[in-house]
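Observations on chain architecture
For reference, the chains in residue letters:
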Amino acid sequence: MVVSQLVQILAVALVLGACGSEQVDVTDETDGTGGGGGTGAIEYPTAADQAVVRLTMAGGFVPEGSDFRSTPALVIEGDGSVFRPGAQIEIFPPPLLPAVTVAPLDPEGIQIVLDAAQQAGLLAPPPSYEPGAGAAQVADAPTTVLEFQANGETYRHEAGALGFQPTGEESTTERAALHEFVNQLLDLPTLVGDHLGTDELYEPERFGVMARPATPEELTPTEDGIEPTVVPWPADAPPLASMASCTEVPAETVAAEFADANQLTRFSQDGVTYTVFVRVLLPDETCPPA
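Below, the structure is looked at part by part. Note on numbering: residues in each chain are counted from 1, in written sequence order. The model is predicted, so local features are restricted to residues of pLDDT at least 70 and side-chain atom pairs to those at 80 or more, both for listing and for counting; the totals for chains, interfaces and linings are taken over all residues. For the side-chain quantities, the full set of heavy atoms in the structure was used; hydrogens and water were omitted.

**Things to note about unusual backbone geometry**
Of the consecutive residues Phe92 and Pro93, the connecting peptide bond is found in the cis state with omega at -5°. Tracing the backbone shows Pro93 in the loop between β4 (81–85) and β5 (100–104). Despite not being glycine, Asn151 has its phi angle at roughly 55°, a positive value. Positionally, Asn151 belongs in the loop between β6 (143–150) and β7 (153–160). You can call Asn151 partly exposed: its relative accessible area is 40%. Positive phi values are uncommon outside glycine, yet Asp270 reaches one of about 55°. A relative accessible area of 75% means that Asp270 is categorised as exposed. Per the convention used, a helix needs a DSSP run of H or I reaching at least four residues, while a strand needs a run of E reaching at least two, with both numbered from the N terminus. Each residue is placed in one exposure class: buried if its accessible area under a 1.4 Å probe, protein chains only, is under 20% of its type's maximum, exposed if it is over 50%, and partly exposed if it falls in between.

As structure tokens, then:
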């Protein structure tokens, strides 16, 4: 699929009010293990649809649909595929689809990441990440979630308002260690060097789609006078009326329509006009059963 217009939805401050990220399931399988390089020889799942490392930042006060649409800040799949948000296009209205990139990371690179996580104490049951005494209370800040599958275990670290202290320093040693490692992941090329290949635009095979009838406000021009456009929903795709929750849609059935759509595009079917939220599903993501 060639996507004509793409946008990076920034990883920080992304949330869906009525359509939250709980609408997307992430597989949690550990059938395959791998080693290959690094100092620790840490085992990890090796399938293309098994996430070894997953970093998300969501929550806070942001528009409906943004969390559902957004790509995780970083996902490293077992085959070494690294998924990250792509470059943002500064236009309004922004494209319907977020830009997602994929790059290859070799087994030694994966080991470097896992070794760094182990040195940071993160390949272990999570400690408390509550802010320490005297820490500033930051309202409506995103929550950082960092997950690993390694050595046959799953480790999940979750911290609210990580990195949002006005002083620039975290209030506990546990939060500081997590914040430092997250910053390493966000600068992955520096962490792993030439073990990481070149980013390419990811062409998804599947989308997660949610839809609801458009409100009157969503069918009127913006304050700048930009008119929403209404286009027919593809006949080969599942019906919009069935998409109150996340529904998996093959990319081939909606590729052309999504490529040309922006976030003011509405879709019509059977006399009803809908607002549609779209998520690029990564290999380890699925929509839950209805």
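**A few points about helix α3 (residues 173–186)**
With 14 residues, α3 should cover 20 Å at 1.5 Å per step; its first-to-last C-alpha distance of 20 Å lies within 8% of that length. When we look at burial in α3, the residues that qualify are Arg175, Leu178, His179, Phe181, Val182 and Leu185. One face of α3 carries all of its buried residues, which in axial projection span an arc of 165°. In this structure, α3 carries Thr173 and Glu180 as exposed residues pointing more than 90 degrees from its buried face. On its buried face, α3 sits against β2 (51–58), β3 (74–77), α2 (107–119), β6, β7 and α4 (188–192). Expected helix span is taken as 1.5 Å per residue step, with the number of steps being one fewer than the number of residues. Throughout, the arc means that of the directions going from the helix axis to the C-beta atoms. We call two residues contacting when some pair of their heavy atoms lies within 4.5 Å.

**Looking at the side chain of Thr265**
Tracing the chain through its elements places Thr265 in strand β12 (residues 265–269). Pairs of N or O atoms are called polar contacts if they sit within 3.5 Å, as long as, within protein, a hydrogen donor faces a hydrogen acceptor (for residues adjacent in sequence, only side-chain-to-side-chain pairs). Within the structure, Thr265 has its side chain in polar contact with the backbone nitrogen of Asn262 (distance 2.9 Å).

**Some words on the pattern of salt bridges**
In what follows, salt bridge is the name for a side-chain nitrogen of Lys or Arg lying within 4 Å of a carboxyl oxygen of Asp or Glu. In the structure shown here, the tally under the stated rule is 8 salt bridges. Of the charged contacts, one joins Asp284 and Arg54 as a salt bridge, the two residues approaching to 2.7 Å between their closest N and O atoms. In this pair, Asp284 sits in the loop between β13 (272–280) and β14 (285–286) while Arg54 sits in strand β2, placing the two residues 230 residues apart along the sequence. Among the residues examined, Asp284 registers a relative accessible area of 0% and is labelled buried. Note on Arg54: relative accessible area 4%, which makes it buried. Residue Arg54 pairs with Glu285 through a salt bridge whose shortest N-O separation is 3.2 Å. Of this pair, Arg54 sits in strand β2 while Glu285 sits in strand β14, placing them 231 residues apart in sequence. Across this residue pair, the class does not change: Arg54 and Glu285 are buried. A network of salt bridges, in which partner residues are shared, links Arg54, Arg279, Asp284 and Glu285.

**Let's talk about the sheet that holds β12**
Backbone-to-backbone hydrogen bonds pair the strands of a sheet. The strands run either parallel or antiparallel. Strand order in the open sheet formed by 5 strands is β10-β12-β13-β9-β11, and the pairing between neighbours is mixed. In the strand order of this sheet, the two ends are held by β10 (229–232) and β11 (247–250), each with one partner. For this sheet, the mean inter-axis angle between neighbouring strands, taken without regard to orientation, is 45°. Here a strand pair is declared whenever DSSP counts at least two bridges between the two strands. Relative to β11, strand β9 (residues 206–213) runs antiparallel, the two sharing 4 bridges. The residue bridging Arg206 from the neighbouring strand is Pro250, located in β11. With respect to the sheet, helix α5 (residues 251–260) is in contact with β9, β10, β11, β12 and β13, its orientation differing from that of β11 by roughly 80°. Axis definition: a line fit to C-alpha positions, over the contact stretch in the case of helices; interaxial angles, taken between N-to-C directions, run 0 to 180 degrees.

**A short note on the packing of aromatic side chains**
Two numbers describe a pair of aromatic rings. These are the distance of the centres and the angle of the planes. Pairing of aromatic rings covers Phe, Tyr and Trp, the last counted by its six-membered ring, and requires centre-to-centre distances within 6.5 Å; plane angles under 30 degrees mean stacked, over 60 mean edge-to-face, and any other angle means tilted. Counted according to the given criterion, the structure contains 6 aromatic pairs. Residues Trp233 and Phe258 carry aromatic rings whose centres are separated by 6.0 Å and whose planes lie at 50° to one another, so their mutual orientation is tilted. Here Trp233 is found in the loop between β10 and β11, whereas its partner Phe258 is found in helix α5, with 25 residues between them in sequence. Pairwise contacts between aromatic rings join Phe207, Trp233, Phe258 and Phe267 into one cluster.

**A short note on the pairing of β4**
For β4, a buried count of 5 out of 5 residues is recorded, marking the element as mostly surrounded by other parts of the structure. Pairing of β4 with β5 involves 5 bridges; the strand directions are antiparallel. By the bridge assignment for β5, Arg84 is matched with Thr101.

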